[in-house]
Protein chains: 2
Amino acid sequence: MRDNYHDHLDAIGDDLVEMSRLVAVAVRQATTALVTANLQLAEAVIAGDEVVNELYHSVESQAYDLLARQQPVAGDLRVLVTSLRMVVDLERAGDYAVHLAKIARRRHPASAVPAELIDTIVAMGQTAERIANKAGRVIATRDIDLARELLGDDDAMDMLQRRLFTIMLGGGGDHGTEAAIDVTLAGRYYERLADHAVAVARRVTYLVTGEHRDEPALD
Amino acid sequence: MRDNYHDHLDAIGDDLVEMSRLVAVAVRQATTALVTANLQLAEAVIAGDEVVNELYHSVESQAYDLLARQQPVAGDLRVLVTSLRMVVDLERAGDYAVHLAKIARRRHPASAVPAELIDTIVAMGQTAERIANKAGRVIATRDIDLARELLGDDDAMDMLQRRLFTIMLGGGGDHGTEAAIDVTLAGRYYERLADHAVAVARRVTYLVTGEHRDEPALD
C-alpha cells in the first residue's frame, strides 16, 4: 500500500500507460484475427479486455479517493481530473478492439474481410496500434511534440477509412450485404479507437500547456 | 456575472440540461431529414451543433475555473468532476446527430433509407430522442428511478439495431453496398448517441448514491 500522495499520482499514470499498451496489443491481435479468421486469437482479445476494465476501475477508485481525501491543489487537481477523463477514452478504445474481435468471431470460419480490402484493414490496424502506443508514450513523457504527431496519424486513419469505403463502393467484387456491414463497422471501430487515443494525447497537451482546447474531435 | 459558488454550479447544471434538450431536438430533426431526404433540415442540424459545442466549452471553462479558484470540498468536487465527464458525453451525443444529418445530406436528393427500413429508423430516432430528453430530466431532478428507466430504453435501442441488421440481411430487396454502408452507420450512430445519454444518467446515479459503477457500457 502506497501512502504518499505523489506515489498515488504516479500509480495512476502507470495504469494509464499500461492501458494504452494493452489496447495497442489488442488492436494488433484483433486485426490478425479479422484478416486470418483466427477464432482463438479473437477469443483472447475479448477475454483480455477484462484486464483493461480492471485498470479502469483501479484508476477511477484511486482518483476519486485522492480527490475526496487529499483536497489536492491546482496542478495535482488538474492531473486527477484529466486522468478521470483519459481513463474513459482508454477503456473505450479497448472496447473497440473487442468489437473488432467479435466481428472475426461472428464470421468464423469465414473471414469478415474480402480479399481486396485486406491491405487497407491491415494498414488501419497498424495505424491504430501506433497511435495507441504513442498515446502511452505521451502520457509517460508528456512530450507535446509527440502529442502533435498523433494528430497527423489520426488524419492517416481518416484517409484509410475513406479508402475502405471507396474500394467497397468501387465494387470490384460485390460481396453482399453481410460483408458490407462488417467492413463498415470495422472501419468505424478502427477510426473510433484511434480517435479516443488521440483524445488522450490532446488531454495531456492540456495538462502541460493549460490550454482549454481539449475538445473531442467534432466529426 | 454570477459570483456565488453555488450559482456557478447551478449554471453548469442548466447548461448540461440545455445540451440534452438540444441533442433530443437534433436527433429528431436528423431522423426526419434521413427518412424524407430533407436537405434543409439536415443543414439545420449540422449548423445547430455549434450551440452544443459552445455549451460544451462554457461548462468546461466554468468547471475548471471553479476547480482552480475555489478548492471545492467533497460533495461539490464530485459534482464538478462528474459534470466534466457528462459534458463530454453530451457533446459527443450531439456529434452523432450531426453524423446522421450528414448521411442525409450526402445522399440527397435520394433517401439514404430503403423503404422497408424506414419504420425501424424512425423508431430508433424516437428512442434516441426519448433517451436524450430523459437524460436531461435526470440531470435536472437527480431522479435515480428515471435513470434506471433509461437502461431499459437503451436495451430497446440495442434491439432496434439488431432488427435493422436482420432486415438488411434478410434482403427482401438488395439495395446495394452504398445503402448497406449508410444504414449500418446510421444504426451505429443512433446506438452510440443513446449510449452516451445513458452514460450521463449513470453518472448522475453515481453522484447521488456514491456508487463507483459509472462505467461505460462494455459492448
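In what follows, the accompanying structure is described. (Residues numbered from 1 in each chain as written. Chains lettered and ligands numbered in written order. Predicted model: local features only at pLDDT ≥ 70, side-chain atom pairs only at ≥ 80, totals over all residues. Heavy atoms only, no water.)

1. What about the overall build of chain A?
(1) Moving on: Counting secondary structure elements, chain A contains 6 helices and 0 strands.
(2) Moving on: Element order for chain A, N to C, with α for helix and β for strand: α-α-α-α-α-α.
(3) Moving on: Expected size for 219 residues packed as a compact globule is a radius of gyration near 17 Å; at 18 Å, chain A falls within 12% of this value.
(4) Moving on: Overall, the C-alpha framework of chain A stretches about 60 × 35 × 20 Å when taken along its three principal axes.
(5) Moving on: Counting the 219 residues in chain A, one finds 58% classified as buried.
(6) Moving on: Across chain A, every contact between residues at least 6 apart in sequence was considered, and the portion connecting residues at least 24 apart equals 82%.
(7) Moving on: As presented, chain A carries roughly 8,600 Å² of accessible surface, and 51% of it is formed by carbon and sulfur atoms. (Helix = DSSP H or I, 4+ residues; strand = E, 2+ residues; numbered from the N terminus. Rg over C-alpha atoms; globule rule 2.2 N^0.38 Å. Buried < 20%, exposed > 50% of the residue type's maximum accessible area, 1.4 Å probe, protein only. Contact = heavy atoms within 4.5 Å. Areas by Shrake-Rupley, 256 points an atom, 1.4 Å probe, with all protein chains shown as cover.)

2. Some points on the environment of Ala201(B)
All names here are of chain B.
(1) Moving on: By the element assignment, Ala201 lies in helix α6 (residues 176–209).
(2) Moving on: Spatially, the C-alpha atom of Ala201 lies 7.2 Å from that of Ile139, the residues being 62 residues apart in sequence.
(3) Moving on: Once residues lying within four places of it in the same chain are set aside, the contact partners of Ala201 are Val138, Ala147 and Leu150.

3. As for the interface of chain A and chain B
(1) Moving on: Taken together, the 48 residues of chain A in the interface contact 48 residues of chain B.
(2) Moving on: Surface buried jointly by chain A and chain B totals about 4,300 Å² across both partners, of which 55% is contributed by carbon and sulfur atoms.
(3) Moving on: Seen at the junction of chain A and chain B, the total is 4 salt bridges.
(4) Moving on: Notably, a salt bridge pairs Arg85(A) with Glu60(B), separated by 2.7 Å at the nearest N-O pair. (Buried area = accessible area lost by both parts, 1.4 Å probe. Salt bridge = Lys/Arg side-chain N within 4 Å of Asp/Glu carboxyl O.)

4. Quick word on the packing of aromatic side chains
(1) Moving on: Going through the model one piece at a time under the given rule, you end up with 4 aromatic pairs over all chains.
(2) Moving on: Between Tyr64(A) and Tyr206(B) the ring centres are 4.9 Å apart and the planes differ by 45 degrees, which places this aromatic pair in the tilted class. In this pair, Tyr64(A) sits in helix α2 (residues 39–70) while Tyr206(B) sits in helix α6, so the two residues belong to two different chains. Accessibility classification places Tyr64(A) together with Tyr206(B) in one group, the buried group.
(3) Moving on: Ring plane angle 40 degrees and centroid distance 5.8 Å describe the contact between Tyr96(A) and Tyr189(A), whose orientation is recorded as tilted. On the criterion of sequence distance, the pair formed by Tyr96(A) in helix α3 (residues 74–107) and Tyr189(A) in helix α6 (residues 176–209) is long-range, its members being 93 residues apart.
(4) Moving on: The ring of Tyr206(A) carries Arg78(A) above its face, with NZ or CZ at 5.3 Å from the centroid. (Phe/Tyr/Trp six-rings, centres within 6.5 Å; stacked < 30°, edge-to-face > 60°. Lys NZ or Arg CZ within 6 Å of the ring centre and 35° of its normal.)

5. Describing helix α5 (residues 144–170) of chain A
(1) Moving on: With 27 residues, α5(A) extends 40 Å from end C-alpha to end C-alpha; this agrees with the ideal 39 Å at 1.5 Å per step.
(2) Moving on: Here α5(A) has its buried residues at Ile144(A), Leu146(A), Ala147(A), Leu150(A), Asp153(A), Asp154(A), Met157(A), Leu160(A), Gln161(A), Leu164(A), Phe165(A) and Met168(A).
(3) Moving on: Where α5(A) is buried, its residues meet α4 (118–141) and α6 of chain A together with α6 of chain B.
(4) Moving on: Where α5(A) begins, the capping side chain belongs to Asp143(A), and its oxygen is found 2.9 Å from the backbone nitrogen of Asp145(A). (Expected span 1.5 Å × (residues − 1). Polar contact = N/O pair within 3.5 Å; in protein donor to acceptor, adjacent residues only side chain to side chain.)

6. Topic: the packing of helix α1 (residues 5–36) of chain A against α4(A)
Residues and elements named next belong to chain A.
(1) Moving on: Contact geometry for α1 and α4: axes closest at 8 Å, N-to-C directions at 175 degrees. Comparing their axes, α4 and α1 come out roughly antiparallel. The residues of α4 that touch α1, namely those facing Gly13, Leu16, Val17, Ser20, Arg21, Val23, Ala24, Val27, Arg28, Thr31, Leu34 and Val35, are Ile118, Ile121, Val122, Gly125, Ala128, Glu129, Ala132, Asn133, Ala135, Gly136, Ile139 and Ala140.
(2) Moving on: Classifying every residue of the contact of α1 with α4 by side-chain character gives 15 nonpolar, 6 polar and 3 charged. (Axes fitted to C-alpha atoms, helices over the stretch in contact; angles between N-to-C directions. Parallel < 35°, antiparallel > 145°, perpendicular 65-115°, else oblique. Nonpolar A, V, L, I, M, F, W, Y, C, P; charged D, E, K, R; others polar.)

7. Quick word on the relation of the copies chain A and chain B
Copy one and copy two of the chain differ by a rotation about an axis and a translation along that axis.
(1) Moving on: The operation relating chain A to chain B is a screw motion whose rotation component is 180 degrees, with 0.0 Å of axial translation and a residual RMSD of 0.0 Å. Expressed as an axis order, the relation between the two copies is that of a two-fold axis.
(2) Moving on: The overlap is high: 100% of the interface residues of chain A also sit at the interface in chain B, so the same surface is used on both sides. (Least-squares fit on C-alpha atoms with pLDDT ≥ 70 in both.)

8. A look at the pattern of salt bridges
(1) Moving on: Using the criterion set out here, one finds 33 salt bridges over all chains in the structure.
(2) Moving on: One salt bridge in this structure joins Asp195(B) and Arg192(B), with 3.0 Å as the shortest N-O distance. In this pair, Asp195(B) and Arg192(B) are both assigned in helix α6, 3 residues apart and thus about one turn of the helix distant.
(3) Moving on: When its relative accessible area of 4% is taken as the criterion, Asp195(B) is described as buried.
(4) Moving on: By relative accessible area, which is 4% here, Arg192(B) ends up buried.
(5) Moving on: Overlapping salt bridges, with partners in common, bring together Arg188(A), Glu191(A), Arg192(A), Asp195(A), Arg92(B) and Asp95(B) in one network.

9. Quick notes on the packing of α5(A) against α6(B)
(1) Moving on: The contact between α5(A) and α6(B) brings their axes to 9 Å, and the two run at 145 degrees. Contacts between α5(A) and α6(B) pair Phe165(A), Met168(A) and Leu169(A) from the former with Thr177(B), Glu178(B), Ile181(B) and Leu185(B) from the latter.
(2) Moving on: Residues that form the contact of α5(A) with α6(B) fall into these classes: 5 nonpolar, 1 polar and 1 charged.

10. Thoughts on the nonpolar core
(1) Moving on: Residues Leu16(A), Leu34(A), Tyr190(A), Leu16(B), Leu34(B) and Tyr190(B) are the most contacted members of the largest nonpolar core, which totals 155 residues.
(2) Moving on: Setting aside residues no more than four positions away along its own chain, Leu16(A) makes contact with Val59(A), Ser83(A), Met86(A), Val87(A), Leu90(A) and Ile139(A). (Core = buried A, V, L, I, M, F, W, Y, C linked by side-chain atoms within 4.5 Å.)

Coordinates in, geometry out; function isn't part of it.
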